[in-house]
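Spelled out, the chains give:
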Protein chains: 2
Amino acid sequence: MRLTTKGRFAVTAMIDLALRGDGGPVALAGVSERQGISLSYLEQLFGKLRRHRLVESVRGPGGGYCIARSLAEVSVADIIRAVDEPLDATQCGGRENCQDEHRCMTHELWATLNAKMYDYLASVSLQDLVSRQKDKQNPAAVTVLADQRRESNQSGGRASRDKLAVLA
Amino acid sequence: MRLTTKGRFAVTAMIDLALRGDGGPVALAGVSERQGISLSYLEQLFGKLRRHRLVESVRGPGGGYCIARSLAEVSVADIIRAVDEPLDATQCGGRENCQDEHRCMTHELWATLNAKMYDYLASVSLQDLVSRQKDKQNPAAVTVLADQRRESNQSGGRASRDKLAVLA
DNA sequence: ATATTCTTGACAAGAACAGTAGGTTATTTT
DNA sequence: AAAATAACCTACTGTTCTTGTCAAGAATAT
């Protein structure tokens, strides 16, 4: 897992899309202005996002990008993985023989930490981010959401509470 | 928060130090061999770690670096922050006026996510990493640790269980 | 048809970053 | 005193990031 400004830009842009996507495709020129990211860079990033099937494109006037799946199915980890492609192994690779036990030790420790970071980011979806924001704007909705939490806890959606708690 | 190979190297090296630090200072040449990180690079990283008071140096033959505080007082976040210095603001800065509400929204969403990542890494100390490793080598110790967990839960050490659970 | 909007791709240049190489200074041992 | 060890510092190279520019394809509007 790698976390850099590149990934941040991509996530930021995707949130922008999620918030504006109701009325059809969103043009990158608008995202560029609103988020202060160069259009050129956004084009490159969305090329990768498209090739990873996270967004779909519509060309021509009125065109732009749409999020390809439901918001709940796009995690922050998906986005970062798409733009930071070289998700290569941990040098030692896990399967390769390390120089000695001690080296394996530290590698494994890092790998574990890494995996946990990844799991965390994989557990946060665009839906989580967006609905949290809407709660803030419309406080009345909070109670409704609280009910949803209770429901999903009873019905076995065990991850839901943690996800939202994280954003509280 | 930024997560790159640089931070990984620094954490790896610090774990190495933690595991070998009993018999006085540890020389970087050894860390370099064991962890497969170039000596030059390690020197740079430890310059930063020293300036952030995470390690102390001893020059001359038999010299090297020691961890400056107790292992429990050094978190992974401390290490990463030390080497990835430019922990600068989120472009918008939080206090600066954003272009419009929408921009602030996405910035805030990212900032929240970011803070959560940071909190997580701040909750994992070198002590956690090292003691977990020792558990693996000596499985008999696990039950002892389990008792410690129960104790600290009763005595109000609420973070302890989560930290360790994370590494399980 | 023509012009406009917007994606798509390629290339290039500058800035920032990652990692390496070499020399200098402090401390210990011989 | 001399040699060896190991931290310290500066300069350098290569890669990645980020922006800019040009051109071309696709769909829409006039």
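Going by the structure above, here's the rest.
The model shown is predicted, which means the values in this text are computed figures rather than measured ones.

1. Re the protein's contact with DNA strand C
So, point 1. In the region of DNA strand C, 28 residues are neighbours, and Ser57 and Tyr65 of chain A together with Ser38, Ser40 and Gln44 of chain B sit closest.
So, point 2. In the interface set of DNA strand C, defined as its atoms within 4 Å of the protein, sugar plus phosphate atoms amount to 68%.
So, point 3. Thr5 of chain B is positioned with one of its side-chain polar atoms (N or O) 3.1 Å from a phosphate oxygen of DNA strand C.
So, point 4. At the level of secondary structure, the elements contributing two or more residues to the surface near DNA strand C comprise helix 3 (39-51), strand 1 (55-58) and strand 2 (64-67) of chain A together with helix 1 (5-20) and helix 3 (39-51) of chain B.
So, point 5. The element best represented in the surface near DNA strand C is helix 3 of chain B, accounting for four residues.

2. Some thoughts on a positive patch on the surface
So, point 1. A contiguous patch of positive charge on the surface is contributed by Arg50, Arg51, Arg53 and Arg59 of chain A.
So, point 2. Structurally, Arg59 of chain A is set in the loop between strand 1 and strand 2.

3. Some points on the pattern of salt bridges
Note on pairing: side chains with opposite charge can pair once their charged atoms come close.
So, point 1. According to the stated counting rule, one finds six salt bridges over all chains in the structure shown.
So, point 2. Between Arg81 of chain A and Asp78 of chain A there is a salt bridge; the shortest N-O distance is 2.8 Å. In this pair, Arg81 of chain A and Asp78 of chain A are both assigned in helix 4 (residues 76-83), three residues apart and thus about one turn of the helix distant.
So, point 3. Judged by relative accessible area, Arg81 of chain A falls into the partly exposed class, the value being 33%.
So, point 4. The partner of Arg69 of chain B in a salt bridge is Asp78 of chain B, and the shortest N-O contact between them spans 3.7 Å.
So, point 5. Residue classification places Arg69 of chain B among the partly exposed positions, given a relative accessible area of 35%.
So, point 6. Look at the salt bridges and you will find they share partners, linking Arg69, Asp78 and Arg81 of chain A into a network.

4. With respect to the environment of Ile67 of chain A
All names here are of chain A.
So, point 1. Topologically, Ile67 is positioned in strand 2.
So, point 2. With relative accessibility at 17%, the residue Ile67 sits in the buried group.
So, point 3. As a C-alpha pair, Ile67 and Gly21 span 46 residues in sequence and 7.7 Å in three-dimensional space.
So, point 4. In this structure Ile67 touches Met14, Leu17, Ala18, Leu54, Val55, Val74 and Leu126, once residues within four positions along its chain are discounted.

5. Examining the protein's contact with DNA strand D
So, point 1. Around DNA strand D, the surrounding shell holds 26 residues, and the nearest of these are Thr5, Ser40 and Tyr41 of chain A together with Ser57 and Tyr65 of chain B.
So, point 2. Backbone sugar and phosphate groups make up 62% of those atoms of DNA strand D lying within 4 Å of the protein.
So, point 3. Note that a base nitrogen of DNA strand D is positioned 3.5 Å from one of the side-chain N or O atoms of Arg59 of chain B.
So, point 4. The side chain of Tyr65 of chain B places a nitrogen or oxygen atom 2.5 Å from a phosphate oxygen of DNA strand D.

6. Quick word on the environment of His107 of chain A
So, point 1. As for its placement among the helices and strands, His107 of chain A is situated in helix 5 (residues 101-123).
So, point 2. You can call His107 of chain A buried: its relative accessible area is 10%.

Parameters at a glance
Residues numbered from 1 in each chain as written. Chains lettered and ligands numbered in written order. Predicted model: local features only at pLDDT ≥ 70, side-chain atom pairs only at ≥ 80, totals over all residues. Heavy atoms only, no water. Near = heavy atom within 4 Å. Polar contact = N/O pair within 3.5 Å; in protein donor to acceptor, adjacent residues only side chain to side chain. Helix = DSSP H or I, 4+ residues; strand = E, 2+ residues; numbered from the N terminus. Patch = residues over 30% accessible without salt bridge, like charges linked within 9 Å, V, L, I, M, F, W, Y side chains within 5 Å. Areas by Shrake-Rupley, 256 points an atom, 1.4 Å probe, with all protein chains shown as cover. Salt bridge = Lys/Arg side-chain N within 4 Å of Asp/Glu carboxyl O. Lys, Arg positive; Asp, Glu negative; His and termini not counted. Charge placed at Lys NZ, Arg CZ, Asp CG, Glu CD. Buried < 20%, exposed > 50% of the residue type's maximum accessible area, 1.4 Å probe, protein only. Contact = heavy atoms within 4.5 Å.

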